Amino acid sequence: MTSTIRTALFPAAGLGTRFLPATKAQPKEMLPLVDKPIIQYAVEEAVASGLENLIMITGRGKNAIEDHFDVSFELEKILEERGKPDLLKVVRAVSDMIHIAYVRQKEALGLGHAILMARDLVGDEPFAVLLGDDIIESEVPCIRQMMEVYDKYRASVVAIMEVEREEVSRYGIIRGKPLAGSDALFEVEDMVEKPPLAEAPSNLAIIGRYVLSPAIFGALSETGRGSGGEIQLTDGLRRLLARERILAYRFSGKRHDAGDKLGFLKATVEFALKNEELGKDFRAYLESLDLGASATDANTRGRLGRSRARPRMEARPQSARSRIVLRAGERGN
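Bear in mind that the values here come from a model prediction, so they are computed numbers and not experimental data. (Residues numbered from 1 in each chain as written. Predicted model: local features only at pLDDT ≥ 70, side-chain atom pairs only at ≥ 80, totals over all residues. Heavy atoms only, no water.)

Quick look at the overall build of the chain now. Counting its secondary structure elements, the chain contains 14 helices and 13 strands. Per-residue burial over the chain gives 47% buried out of 333 residues. Long-range contacts, defined here as pairs at least 24 residues apart, represent 75% of the contacts in the chain between residues at least 6 apart. In the form shown here, the chain has an accessible surface area of approximately 17,800 Å², with 50% of it arising from carbon and sulfur atoms. (Helix = DSSP H or I, 4+ residues; strand = E, 2+ residues; numbered from the N terminus. Buried < 20%, exposed > 50% of the residue type's maximum accessible area, 1.4 Å probe, protein only. Contact = heavy atoms within 4.5 Å. Areas by Shrake-Rupley, 256 points an atom, 1.4 Å probe, with all protein chains shown as cover.)

With that settled, the discussion passes to the packing of aromatic side chains. Summed over the entire model, instances satisfying the criterion amount to 4 aromatic pairs. For the pair Tyr41 and Phe271, a centre-to-centre distance of 5.3 Å together with 80° between the ring planes defines the contact as edge-to-face. Taken together, the positions of Tyr41 in helix α1 (residues 38-48) and Phe271 in helix α10 (residues 261-274) put the pair 230 residues apart, joining distant regions of the chain. A centroid spacing of 6.3 Å and a plane angle of 25° characterise the contact between Phe282 and Tyr285, whose relative ring orientation is stacked. Of this pair, Phe282 and Tyr285 are both found in helix α11 (residues 279-288), 3 residues apart, which corresponds to roughly one turn of the helix. (Phe/Tyr/Trp six-rings, centres within 6.5 Å; stacked < 30°, edge-to-face > 60°.)

Within the largest apolar cluster, 42 residues are counted, with the highest numbers of intra-cluster contacts made by Phe10, Leu51, Met56 and Val211. Looking at this core element by element, the count peaks at 6 residues for helix α7 (residues 142-153). Once residues lying within four places of it in the same chain are set aside, the contact partners of Phe10 are Ile39, Ala42, Val43, Ala46, Leu54, Ile55, Met56, Ile57 and Leu130. One finds Ile115, Tyr210, Ile216 and Leu220 within the second-largest nonpolar core, a separate group that totals 33 residues. (Core = buried A, V, L, I, M, F, W, Y, C linked by side-chain atoms within 4.5 Å.)

Here it is as structure tokens:
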């Protein structure tokens, strides 16, 4: 069935302060997760979902994103001359993936403001929003699941997941009731941006996937600056909720928070373990690590050399080391 959703927005104008100093001179969205930049995973999800019109909202210092998805004639020529067809295929696959339009957000005034910047390009039709920080592994692409929900109910959809109660203050949290006949859909009654634990209406957190009706533009244009002096999408959604229905969808899949340092490291390990080229050797490397040793001990062994370090590592109980690595593998399934 052909979906009514054709357009996807990728807000990518943030300052990336959580990754400073790495993001001082390069976009956070271009940080590599194994062998691809973060933003490419979201673009690939949109393409796999059948979305045709891709719009990237960028800002100052984000030219590397445009360059990444553009044709690189010089690089392609060099790879062709040097007889590296495999690398040439990889490079061309990125630029041939899809055509992307770019809109510039001149001031970093929040996610809601970034979405408003694309109003003229989107027009009067529903659209998807994918945040590159959230990388979601699923059999059916997450945004495709949500597009099917929109097409069935003709209502805006936000992706949600359960989080630990102690983590609710990091997210937008919904208050809602389960939709009859579904354990994955909720009728949204209200939503709160980063509430204190005592005030959180649930532990159902909104994450970076949305399918929105065009009415959100009007709601956002009427929304004043909220937390941090920014136009918050959550505030705009609350205003939209007063006018029309919004559903929350508990998606099928696993979400990686690549916008957080620890989450980025976890995602790197899990994606590396699944990589066809690197997975086997990387797993062997992880199994060789003495995770109970201090950093000083590890550095000392590194200076002594691999041959002298190996007997000490093999002498440690295998079960403790294997348990840690197997968990990493299991979490990726």
